[in-house]
Amino acid sequence: MKPGKLSRIISQNLRRNRKNLVFSSVGLVVGISSFFFFIALGHGIKHTVATEIFPVDANRIQVVPRTAQFDALAGGRIIDDEALQQFSAISGIKAVYPRMKLAFLASSKMDGRSIPPAALSMIAKIPGITPGMLGAVKDVRMWLEIMGNGIDPRLVRDDMVAGEFADPQPGQPIPVMLSRRMIEIYNTSFAKARNLPEINEMLLPFIPPLPLTLNHSFISRHVQGNELQTRMKVVGLSHHAIMGGITIPLETAKKYNRQFAGERAAQTYDAAILEVESSDWLGHAQENVNRLGFDIDLSEKRMAESVGLIVTLVTLGFSLISLIIVGIAAVNIAHTFFMIIFERRREIGLMRALGASRADIRAIILGEAGFVGVIGGAMGMGLGIAGCLLVDFLVVKVLPDFPFKPDSFFAYPTWLFFGAILFAVAFCVLGAYFPARRAAAMDPSAALTGR
Amino acid sequence: MIHLEDIHRSYGTGDAATPALADITLDVPSGAFVTVVGTSGSGKTTLLNIIGGLDTDYSGTAVVSGKNLRKMSDRELSRFRNLTVGFVFQHFNLLEHLDALQNVALSAFFSAEDHKAAERAEEVLVRVGLQDKLKKLPGQLSGGQKQRVAIARAIFSRPRMILADEPTGNLDTNTGGQIISLFESLNQDDDLTIVAVTHEEFLFKNATLALHLEDGRLVNGQKP
């Protein structure tokens, strides 16, 4: 039967049986909506984990010196300029971004009273800043031990919002990047409890340079040499910045390591991030890195994978429930189609007498089921989206802020829209398969005579 | 047109098998008007179903319009029913949700040809005298009108043969006579071969051949 004719006869039959089919597809709509909801939820949470909590770049690996003692004895190496050159020479490596720890102590004494009036009036103009917050800023007294590292500015090129991230001119404040994760925790826990303004990229240009003392500690008495009073300016938030400290340009870190900890500290990197041309090169790069006497730090990746796995398992569990619902709906649809076929027995016999082949009868029944699947799937998807939006709305309204609270708990990959419909169609067609087979196998002469 | 040779057909299997037709051998020339008479259960409808390719579960040879029906695939048989045979039933078998035009054009759904179904349906409804009932649902038609719609549906695809199973069985004598006149007209004017199963042989005055079935056996085939 030609598709046009088939679709006409299907639509005629569906109109006739709409009441039966609507009732039998209720389960399908519920199943598909819950399937859509849970898959979107799983994807949303995974997206938050992958982009906010444990951001992992698929094309980058972090190389660290070997830590196992046996390996170290057996010739483990430090990461120096020579090692960086060797990394660059590995085929498939697109870029090498070294990272260097600050090998000296540093501290910051923050006093709200020392913020210049001009800076305070600038802060006061920021949308969302209340007089109470401004008062809290003035009252800030913090003595901080500062840890830090230096990274290649190319790594954070896209994260600079309030100035250049490069070794500063003499007398200028040191540009620093702060960890997004650390700021998220500060915003949702620390700042709220103390009525301090939340830090975000819009606010950064208004934050005045903060005091920073190099080669100084409030705690340790073993600091040798002179301290250096300087300032730091937060120029951006980055996932590449360290969690509990500041991240400064690599050249600046080298300069101060050389000044306060010696030449060796200025030439020793604690890690290097290797960027490969494509993920196909990862295995090759890892092999060569190991061959050169270094390790790959997979801790972040493993953490992300572990969390991702848990989310996947939970999502799978809920999706299984959806599957069961849709499966029951398919049984219901099968029952409905058996009933419809029984009612249409004589009609099927007539169609056979008028020239319908077995394949035509099968196609009509399966086509009707497929159409029910499309409509049921679309309705289920609509209901699922409505559920997602409702949950997002309630979460914004009801739940307090917490670290890494996303704007939406749901993500909608494109395949999900097609998948939900296909899933519904597949189950409907599956449900109608046996009724369709029975209808096609019906003896037309018996069907016509009611035998 | 129709050549049946040693046709046997039973319902059920083993000891429970009930013979419906036995030793049926006959030839019907093209353009004949044949009546099949016999008591209930004598095998009239079974014979019609075998000739029309609706029943293939028999032994023997059935050649209709030059085609050996048992050697045809389901698709070929379906095409044969669509193009070569038109069926008319005692209970009309019209679809209640479709109007007269749609009922008549039903076989177009299963046809490979893309002829203008609506125009052809209207043409055949005019042919059976229902030009003013095109959009009527079966529920809005009398028994005679319903049977005319069924006849229009049977001739829609321009078949070479009409197989009618007690076409007047649900009609009063007067209406039945009109339906038979219509069959006669189709037989004579359109040269259609007509095989009609009936209990009312007396109505078919112009039949060219009368077949009598008794307990599934052909008692005689003769000019009435």
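Residues numbered from 1 in each chain as written. Chains lettered and ligands numbered in written order. Predicted model: local features only at pLDDT ≥ 70, side-chain atom pairs only at ≥ 80, totals over all residues.

**Quick look at the overall build of chain B**
When helices and strands are counted, chain B shows six helices and 10 strands. Buried positions account for 48% of the 224 residues belonging to chain B. Put simply, 70% of the contacts in chain B that link residues at least 6 apart link residues at least 24 apart. (Helix = DSSP H or I, 4+ residues; strand = E, 2+ residues; numbered from the N terminus. Buried ≥ 20, exposed ≤ 12 C-beta atoms within 10 Å, placed from the backbone. Contact = placed C-beta atoms within 7 Å.)

**Re the overall build of chain A**
The helix and strand inventory of chain A stands at 16 helices and 11 strands. The proportion of buried residues among the 451 residues of chain A is 36%. Restricting to contacts in chain A with at least 6 residues of sequence separation, those with at least 24 account for 86%.

**Description of helix α2 (residues 74-83) of chain B**
Turning to α2 of chain B, its buried residues number three or more, namely Leu-77, Ser-78, Arg-81 and Asn-82 of chain B. Projected down its long axis, α2 of chain B carries its buried residues within an arc of 140°, all on one side. On its buried face, α2 of chain B sits against α13 (345-353) of chain A together with β6 (85-88) of chain B. (Arc of directions from axis to C-beta.)

**Section: the interface of chain B and chain A**
Interfaces are often described in size by the accessible area the parts lose on coming together. If you look at the interface, chain B gives 20 residues, while chain A gives 19 residues. At the level of secondary structure, the elements contributing two or more residues to the side of chain B that touches chain A comprise α1 (44-51) and α2 of chain B.

**Let's talk about the pairing of strand β3 (residues 33-38) of chain B**
In the case of a regular strand, side chains alternate between the two sheet surfaces. Residue and element names in this part refer to chain B. Extensive coverage of β3 is indicated by the burial of six of its six residues. Where burial is concerned, the two faces of β3 agree: the one with Phe-33, Thr-35 and Val-37 and the one with Val-34, Val-36 and Gly-38 are both buried. In this structure, β3 lies alongside strand β8 (residues 193-197), joined through four bridges in parallel fashion. In the strand pairing of β8, Val-36 is matched with Val-197. Alignment of β3 against strand β9 (residues 209-214), held across five bridges, turns out to be parallel. Among the inter-strand pairings, Val-37 is bridged to a residue of β9, identified as His-212. (Pairing = 2+ DSSP bridges.)

**Here's the deal with unusual backbone geometry**
Residues and elements named next belong to chain B. The backbone phi angle of Asn-93 is positive, close to 55°, even though this residue is not glycine. At Glu-166, a residue that is not glycine, the phi angle is positive and equals roughly 45°. Tracing the chain through its elements places Glu-166 in the loop between β7 (161-165) and α6 (173-189). When the 21 C-beta atoms within 10 Å are taken as the criterion, Glu-166 is described as buried.

**As for the packing of helix α14 (residues 358-398) of chain A against helix α15 (residues 414-441) of chain A**
Residues and elements named next belong to chain A. Between α14 and α15, whose axes approach to 7 Å, the crossing angle comes to 150°. Considering their axes alone, α14 and α15 lie roughly antiparallel with respect to each other. Crossing of α14 over α15 shows right-handed handedness. In the contact of α14 with α15, the residues fall into 23 nonpolar, six polar and three charged. (Axes fitted to C-alpha atoms, helices over the stretch in contact; angles between N-to-C directions. Parallel < 35°, antiparallel > 145°, perpendicular 65-115°, else oblique. Left-handed = near helix turned anticlockwise from the far one by under 90°. Nonpolar A, V, L, I, M, F, W, Y, C, P; charged D, E, K, R; others polar.)

**Quick word on the sheet that holds strand β1 (residues 2-11) of chain B**
Residue and element names in this part refer to chain B. Across the sheet, four strands lie side by side as β2-β1-β4-β5; this open sheet has antiparallel pairing. Only two strands of the sheet have a single neighbouring strand rather than two, namely β2 (18-28) and β5 (67-68). As defined by bridge partners, β1 adjoins strand β4 (residues 59-64) across five bridges and the pair is classed as antiparallel. For Ile-2, the partnering residue across the bridge sits in β4 and is Val-64.

**Notes on the confidence of the model for chain A**
Mean pLDDT for chain A: 87, with 96% of residues reaching 70 or above. Of all secondary-structure elements in chain A, the lowest mean pLDDT belongs to helix α4 (residues 69-73) of chain A, at 53, while strand β9 (residues 246-249) of chain A reaches the highest, 96. (pLDDT = per-residue confidence, 0-100.)

**Overview of the environment of Ala-108 of chain B**
Residue and element names in this part refer to chain B. Tracing the sequence through the fold places Ala-108 in the loop between α3 (100-104) and α4 (117-127). On the neighbour-count criterion, Ala-108 (23 C-beta atoms within 10 Å) is buried. Through-space distance from the C-alpha of Ala-108 to that of Asn-82 is 8.5 Å; in sequence the pair is 26 residues apart.

**Considering the packing of helix α3 (residues 26-53) of chain A against α14 of chain A**
To characterise two packed helices, one gives the angle between the axes of the helices and the distance between these axes. Residue and element names in this part refer to chain A. Where α3 contacts α14, the axes come no closer than 7 Å and their chain directions differ by 45°. As the angle between them shows, α3 and α14 are arranged oblique. In this structure, the crossing between α3 and α14 has a hand that is right-handed. Residue-level inspection shows Leu-28, Val-29, Gly-31, Ile-32, Ser-33, Phe-36, Phe-37 and Ala-40 of α3 in contact with α14, the latter providing Gly-376, Gly-377, Met-379, Gly-380, Met-381, Leu-383, Gly-384, Gly-387 and Cys-388. The class makeup of the residues in the contact of α3 with α14 is 10 nonpolar, seven polar and no charged.

**Some remarks on the confidence of the model for chain B**
Atomic detail in the predicted coordinates should be set aside for any region of low pLDDT. Confidence along chain B averages 88 in pLDDT terms, with 97% of residues attaining 70 or more. Interface predicted TM-score (ipTM) for the complex: 0.91; the corresponding pTM is 0.69.

**Concerning the pairing of strand β3 (residues 106-111) of chain A**
All names here are of chain A. Here six bridges tie β3 to strand β4 (residues 141-146), and the two strands are oriented antiparallel to one another. Directly across from Ser-108, in β4, lies its bridge partner Leu-144. The pairing of β3 with strand β7 (residues 210-214) spans two bridges and is antiparallel. In the sheet register, Ser-107 faces β7, and the bridge partner there is Thr-213.

**Examining the environment of Leu-47 of chain B**
Residues and elements named next belong to chain B. Among the structural elements, Leu-47 can be located in helix α1. Separated by 166 residues in the primary sequence, Leu-47 and Leu-213 have C-alpha atoms spaced 9.6 Å apart. With near-sequence residues (within four places) excluded, Leu-47 lies in contact with Leu-21, Ile-24, Val-36 and Leu-213.

**A few points about α15 of chain A**
Counted at 1.5 Å a residue, the expected span for α15 of chain A with its 28 residues is 40 Å, and the 40 Å between its end C-alpha atoms agrees. Bending of α15 of chain A peaks at approximately 40° at the position of Tyr-433 of chain A, with proline Pro-435 of chain A no more than four residues after it. (Expected span 1.5 Å × (residues − 1). Bend = angle between axes of the 7 residues up to and from the residue.)

**Topic: the environment of Ile-90 of chain A**
Residue placement: Ile-90 of chain A occurs in the loop between α5 (81-89) and β2 (93-101). Beyond its immediate chain neighbours, meaning those up to four positions away, Ile-90 of chain A contacts Ala-285 and Asn-288 of chain A.

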